[in-house]
Amino acid sequence: MSKKCNKFTVLKARVKSGSVSKMWKFAKDIHKEKKYPTLFVFFDMGFCILKYGIGYQEYRGYNFAGKPAKLRKTFMTMNHNIALTRELNKREKYTMLEDKLQFQTLFKDFTGREFIDLRKSSLEDFTDFINRHDYIIAKPFDNFGGLGIRKYTREEITDPKALYDDLLKNNVVDIEEGLHQHPEMSRLNPHSINTLRVATIKGANGPEFFYAILRMGVNKSFLDNATSGGIYTSVDADGNCIYDAYAEKLGIYMKAHPDTGVTFKGFKVPMMKEVIELTKRAASLIPDLGYIGWDVAITEKGPVLVEGNNIPGYDMPQNSAWHPDGKGILPDVERVLGHKCPKLK
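As the structure is a prediction and not an experimental result, all values here were calculated from the model.

### Some remarks on the sheet that holds strand β3 (residues 150–153)
With respect to topology, four strands assemble into an open sheet ordered β1-β4-β2-β3, the strand pairing being antiparallel. The open sheet has two edge strands, β1 (115–117) and β3, and neither has a second partner. Ignoring which end each strand starts from, the neighbouring axes of this sheet average 20° apart. In terms of strand pairing, strand β2 (residues 135–139) meets strand β4 (residues 174–177) through four bridges, oriented antiparallel.

Below, the structure written as structure tokens:
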């Protein structure tokens with residue numbers, strides 16, 4: 001994150017990456033849903049981009065059309081998120097989470113799985129690793145959003161040397177033992193490890209639980225990331241799912257998982273208390289990173305860390321479907337912080 005980053009550079013980046021045609025399409029979609037005039041919605045989107053620092057996708061996701069200013073002001077924006085990250089996270093410590101192998105080493109007591117660094121492992125080490133596990137996950141050491149991740153079962157690997165050479169060539173060097181998730185999580189969706197994104201914020205008394213989002217793969221994909229086509233829903237501190245899931249790429253809500261038919265409302269995530277305690281203990285290890293989004297898997301033996309993120313998402317937990325009161329999460333952030341949330345100037 002550039003030190004020169006301010007609300008104007010963020011706005012410039014939004015405008016540059018935006019699409020007027022998509023913005024107009026969203027305005028027409030909102031017109032069909034809520035009967036507000038398309039032109040009014042379109043210009044209101046533009047106003048909110050300037051006034052609140054949100055994008056047109058957030059405008060729709062947060063249900064901003066027709067929302068009064070007193071409620072719009074309760075939403076956390078990218079400007080808040082960047083400023084809060086600057087306040088609580090020291091930039092020089094980012095590699096503790098960004099470098100997957102450094103993360104694995106630092107949090108070896110929290111990850112519940114074996115790993116090897118292919119850059120430091122021989123072909124014999126790699127072959128032995130394959131033979132000891134049902135399946136392996138291979139990751140670029142600095143991957144993001146599920147990009148570049150590969151999954152291989154033991155039976156699929158017929159030529160370990162060819163795979164070893166290919167992985168090294170493509171810098172896919174974090175080789176991890178495949179996890180076996182809790183039966184209840186597999187009942188929801190057996191094709192992916194369905195992780196929880198759990199955010200912690202450093203408050204006056206140390207790390208505190210902030211929110212949890214349950215993420216699931218669809219169409220038999222082993223990836224659960226929303227950016228890879230996955231779906232997600234909100235989970236409360238007791239592990240209860242009380243809302244439908246959202247498919248971000250499709251812009252639709254789902255009452256049940258499309259692959260298994262399991263209904264989201266009423267589904268209970270097991271071991272949620274242990275999940276929260278795990279993330280708070282992990283956050284305590286790195287006080288210089290006070291705002292973290294943890295990805296947690298729930299295995300047969302208990303919750304484990306999959307990875308950590310220096311810049312947690314602020315948009316998923318503000319999906320309007322799980323905020324029937326129309327409010328955003330900014331008041332909750334400030335409650336944990338004990339002061340006003342910073343914002344880019």
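### Digging into the packing of helix α2 (residues 20–34) against helix α3 (residues 38–52)
For the pair α2 and α3, the least separation of the axes is 8 Å and the interaxial angle reads 125°. For the element pair α2 / α3, the angle class is oblique. Crossing geometry of α2 relative to α3 is assigned as right-handed. Between α2 and α3, the residues in contact are Val20, Met23, Trp24, Phe26, Ala27, Lys28, Ile30 and His31 and Thr38, Leu39, Val41, Phe42, Met45, Gly46 and Ile49, respectively. Tallied by class, the residues present in the contact of α2 with α3 amount to 11 nonpolar, three polar and one charged.

### What about the pattern of salt bridges?
For the structure shown, the criterion picks out 18 salt bridges. We note a salt bridge from arginine 60 to glutamate 33, for which the minimum N-O separation is 2.6 Å. In this pair, arginine 60 is assigned in helix α4 (residues 56–61) and glutamate 33 in helix α2, connecting sequence segments 27 residues apart. The exposure class of arginine 60 is partly exposed, given its relative accessible area of 24%. Between arginine 72 and aspartate 44 there is a salt bridge, with the nearest N and O atoms lying 2.5 Å from each other. Placement of arginine 72 in helix α5 (residues 69–72) and of aspartate 44 in helix α3 is noted, with a sequence separation of 28 residues between them. For the pair formed by arginine 72 and aspartate 44, the shared burial category is buried. Linked by salt bridges that have partners in common, Lys25, Asp29, Glu33 and Arg60 make up one network.

### Examining the packing of aromatic side chains
How two aromatic rings sit relative to each other is given by the distance of their centres and the angle of their planes. Under the defined criterion, the tally for this structure stands at 19 aromatic pairs. Measuring from ring centre to ring centre gives 5.7 Å for phenylalanine 42 and phenylalanine 43, while their planes differ by 85°; the resulting arrangement is edge-to-face. Ring geometry for tyrosine 62 and phenylalanine 75: centres 5.0 Å apart, planes at 25°, overall stacked. Of the two residues, tyrosine 62 is situated in the loop between α4 and α5 and phenylalanine 75 in the loop between α5 and α6 (78–88); the sequence distance between them amounts to 13 residues. One exposure class covers both tyrosine 62 and phenylalanine 75, and it is buried. Taken together, Phe47, Tyr52, Tyr59, Tyr62, Phe64 and Phe75 form an aromatic cluster joined through their ring pairs.

### Some points on the sheet that holds strand β9 (residues 252–254)
As summarised here, the arrangement of the seven strands in space is β9-β8-β7-β6-β5-β10-β11, forming an open sheet in which the pairing is antiparallel. Either end of the sheet is taken by a strand with one partner, and the two such strands are β9 and β11 (302–309). Each adjacent strand pair in this sheet contributes to an overall mean axis angle of 35°, direction not counted. Each of β5 (196–203) and β10 (291–299) touches α6; the most contacted strand, β10, lies at about 90° to it.

### What about the nonpolar core?
Judged by nonpolar contacts, the single largest core of 38 residues is most densely connected at Met45, Tyr59, Phe64, Met76, Leu84, Ile201 and Val333. Of all the secondary-structure elements, those providing two or more residues to this core are α2, α3, α4, α6, β5, β6 (206–216) and α14 (330–337). Examining the composition of this core, we find that six residues originate from one element, α3, more than from any other. Setting aside anything within four residues of it in sequence, one finds phenylalanine 64 in contact with Asp44, Cys48, Tyr52, Ile54, Tyr59, Arg72 and Phe75. Of all hydrophobic cores here, the second largest spans 37 residues; its members include Phe209, Val218, Ile276 and Ile298.

### Some thoughts on a positive patch on the surface
Residues Lys7, Lys51, Lys73 and Lys343 make up a contiguous surface patch of positive charge. Among the structural elements, lysine 7 can be located in helix α1 (residues 7–17). The exposure class assigned to lysine 7 is partly exposed, which follows from its relative accessible area of 37%.

### Structural notes on the side chain of asparagine 194
Tracing the sequence through the fold places asparagine 194 in the loop between α12 (183–188) and β5. For asparagine 194, the side chain forms a polar contact with the main-chain oxygen of asparagine 189, separated by 2.8 Å. When sequence neighbours within four positions are dropped, the list of residues in contact with asparagine 194 reads Gln181, Met185, Asn189, Leu214, Arg215, Met216, Gly217 and Asp224.

About the thresholds
- Residues numbered from 1 in each chain as written.
- Predicted model: local features only at pLDDT ≥ 70, side-chain atom pairs only at ≥ 80, totals over all residues.
- Heavy atoms only, no water.
- Pairing = 2+ DSSP bridges.
- Helix = DSSP H or I, 4+ residues; strand = E, 2+ residues; numbered from the N terminus.
- Axes fitted to C-alpha atoms, helices over the stretch in contact; angles between N-to-C directions.
- Parallel < 35°, antiparallel > 145°, perpendicular 65-115°, else oblique.
- Left-handed = near helix turned anticlockwise from the far one by under 90°.
- Contact = heavy atoms within 4.5 Å.
- Nonpolar A, V, L, I, M, F, W, Y, C, P; charged D, E, K, R; others polar.
- Salt bridge = Lys/Arg side-chain N within 4 Å of Asp/Glu carboxyl O.
- Buried < 20%, exposed > 50% of the residue type's maximum accessible area, 1.4 Å probe, protein only.
- Phe/Tyr/Trp six-rings, centres within 6.5 Å; stacked < 30°, edge-to-face > 60°.
- Core = buried A, V, L, I, M, F, W, Y, C linked by side-chain atoms within 4.5 Å.
- Patch = residues over 30% accessible without salt bridge, like charges linked within 9 Å, V, L, I, M, F, W, Y side chains within 5 Å.
- Areas by Shrake-Rupley, 256 points an atom, 1.4 Å probe, with all protein chains shown as cover.
- Lys, Arg positive; Asp, Glu negative; His and termini not counted.
- Charge placed at Lys NZ, Arg CZ, Asp CG, Glu CD.
- Polar contact = N/O pair within 3.5 Å; in protein donor to acceptor, adjacent residues only side chain to side chain.

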